[in-house]
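Here are the chains, one letter per residue:
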Amino acid sequence: MPVDSSRRRALAMLILLSLIWSYNWIVMKQALHYSGPFEFAALRYVFGTAVLFLVLLLRGASLRPPPLAPTILVGLSQTTVFQALVQWALVDGGAGKTALLAYTMPFWVVLIGWAVFRERPAPRVWASLGLAAIGLLLVLAPWRSGGDLPSALLALAGGVGWAIGVIGSKRAFQRGGIDALSLTAWQMLVGAIGLVVIALAVPERPIEWAAWFWAALAYNAVLSSGLAWLLWSSIVARLPAHIAGLSSLAIPVAGIGFAWAVLGERPTGTDAAGIVLILGALALATLKFRRA
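No experiment lies behind these values; they were computed from the predicted model shown. (Residues numbered from 1 in each chain as written. Predicted model: local features only at pLDDT ≥ 70, side-chain atom pairs only at ≥ 80, totals over all residues. Heavy atoms only, no water.)

### A word on the side chain of Lys-97
- With respect to the helices, strands and loops of the structure, Lys-97 is situated in helix H4 (residues 95-102).
- When its relative accessible area of 18% is taken as the criterion, Lys-97 is described as buried.
- Ignoring anything within four residues of it in the chain, the contact list for Lys-97 reads Val-139, Arg-144, Asp-148 and Asp-271. (Helix = DSSP H or I, 4+ residues; strand = E, 2+ residues; numbered from the N terminus. Buried < 20%, exposed > 50% of the residue type's maximum accessible area, 1.4 Å probe, protein only. Contact = heavy atoms within 4.5 Å.)

### Overview of a nonpolar patch on the surface
- A surface patch of nonpolar side chains, amounting to about 410 Å² of accessible area, comprises Leu-54, Leu-57, Leu-58 and Leu-63.
- Structurally, the position occupied by Leu-58 is in helix H2 (residues 37-58). (Patch = residues over 30% accessible without salt bridge, like charges linked within 9 Å, V, L, I, M, F, W, Y side chains within 5 Å. Areas by Shrake-Rupley, 256 points an atom, 1.4 Å probe, with all protein chains shown as cover. Salt bridge = Lys/Arg side-chain N within 4 Å of Asp/Glu carboxyl O.)

### Structural notes on the nonpolar core
- In this structure, Leu-17, Trp-21, Trp-25 and Phe-40 are the most contacted members of the largest nonpolar core, which totals 54 residues.
- Counting residues per element, the ones that place at least two in this core are helix H1 (3-31), H2, helix H3 (68-92), H4, helix H7 (149-175), helix H8 (180-201), helix H9 (211-238) and helix H11 (247-263).
- Among the elements that take part in this core, H1 stands out by supplying 11 residues, more than any other.
- Residue contacts for Phe-40: discarding those within four places in its chain leaves Met-28, Ala-31, Ser-35, Gln-87, Phe-213, Ala-216, Leu-217 and Asn-220. (Core = buried A, V, L, I, M, F, W, Y, C linked by side-chain atoms within 4.5 Å.)

### Observations concerning the packing of H3 against H4
- Their axes nearest at 9 Å, the elements H3 and H4 cross at an angle of 150 degrees. Between H3 and H4, the angle falls in the class roughly antiparallel. H3 and H4 meet at a crossing whose hand is right-handed. For the pair H3 and H4, the contacting residues are Phe-82, Val-86, Ala-89 and Leu-90 in the first and Ala-95, Thr-98 and Ala-102 in the second.
- Here the contact of H3 with H4 is composed, by residue class, of six nonpolar, one polar and no charged. (Axes fitted to C-alpha atoms, helices over the stretch in contact; angles between N-to-C directions. Parallel < 35°, antiparallel > 145°, perpendicular 65-115°, else oblique. Left-handed = near helix turned anticlockwise from the far one by under 90°. Nonpolar A, V, L, I, M, F, W, Y, C, P; charged D, E, K, R; others polar.)

### Examining helix H5 (residues 105-117)
- For H5, spanning 13 residues, the distance from its first C-alpha to its last is 17 Å, which sits close to the expected 18 Å at 1.5 Å a residue.
- Of the positions making up H5, those classed as buried are Met-105, Pro-106, Phe-107 and Gly-113. (Expected span 1.5 Å × (residues − 1).)

### What about H8?
- Along its 22 residues, H8 runs 32 Å from first to last C-alpha, staying within 8% of the 32 Å computed at 1.5 Å per residue.
- Measuring from the backbone nitrogen of Leu-181 back to the side-chain oxygen at the start of H8 gives 3.2 Å, which picks out Asp-179 as the cap. (Polar contact = N/O pair within 3.5 Å; in protein donor to acceptor, adjacent residues only side chain to side chain.)

### Some points on the packing of aromatic side chains
- The full count for this structure, using the stated rule, is 12 aromatic pairs.
- Seen from their ring centres, Trp-25 and Tyr-103 are 6.5 Å apart, and the 65 degrees between their planes marks the pair as edge-to-face. One end of the pair, Trp-25, is in helix H1; the other, Tyr-103, is in the loop between H4 and H5, and 78 residues separate them in sequence. Summarising the burial analysis for this pair, Trp-25 and Tyr-103 share the class buried.
- Both rings, one in Phe-82 and one in Trp-162, keep their centres 5.0 Å apart while their planes meet at 45 degrees; by these two values the pair is tilted. Taken together, the residues span a long stretch of sequence, with Phe-82 in helix H3 and Trp-162 in helix H7 at a distance of 80 residues. (Phe/Tyr/Trp six-rings, centres within 6.5 Å; stacked < 30°, edge-to-face > 60°.)

### Side note on the packing of H5 against helix H6 (residues 123-140)
- It is at 11 Å that the axes of H5 and H6 come closest, and there the two elements cross at 125 degrees. The angle between H5 and H6 falls in the class oblique. Crossing geometry of H5 relative to H6 is assigned as left-handed. Between H5, through Phe-107, Val-110, Leu-111 and Trp-114, and H6, the contact on the second element is made entirely by Val-125, Trp-126, Ser-128, Leu-129 and Ala-132.
- Broken down by class, the residue content of the contact of H5 with H6 amounts to eight nonpolar, one polar and no charged.

Right, here's the structure in full:
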């Protein structure tokens, strides 16, 4: 297949992936009408794990687990902690704002890498962190009484958990010999077990097994966990890393738009200013600029 045709297909897949993952924030928010946050999180990842292992079987891939220590670290941080916190944040927080705050993950990756691994950020990254800090202050608005500060902090903490998982994945891949889809499936299994433990330990209202709730589970298992990860694997293989990384910017943008259109979550003026600054900071940190 010609290179240009391959890249066009990859860009089309990137658009589809961004739509699936961004609209899922709306699905996750609406699912709370039928279930508690932790039970829904546990169920979606139990089904999602089954889908990924089915994909591995259909591909004829090895089911041998990756190295245990990094798999557990990634599973507990990237799946258990991240998903439990963001789903909890959605109870009182808006879907668009929660998506945006969770996708501050790249900034936490930079800060953790600097603090733990002495990976000094480039000047451009420092500038993006400064913009993000101002944007976060405007979005969190701690001076505003009766706001959604607790849910916003939960979403931010979820982003930190995701960042720890990203760093763990990166270190595991650097050692070599690990397949991306295999690590994704096995870490999701570990994370799903953690979510099931939380769901069993935390009392929640009974699940209303309505048709829409089953549809939400199917969306998460088949599209958000199964198809989306297959798309991501193909995108990474076909596109440069900095272009693939654009999805981390497109998803919260689309999530905010869907939340406004579907849920009526219209940002305040302060929120809008903070959102613009954070998105600008994400673009500055993510995009690879070329000199003329």
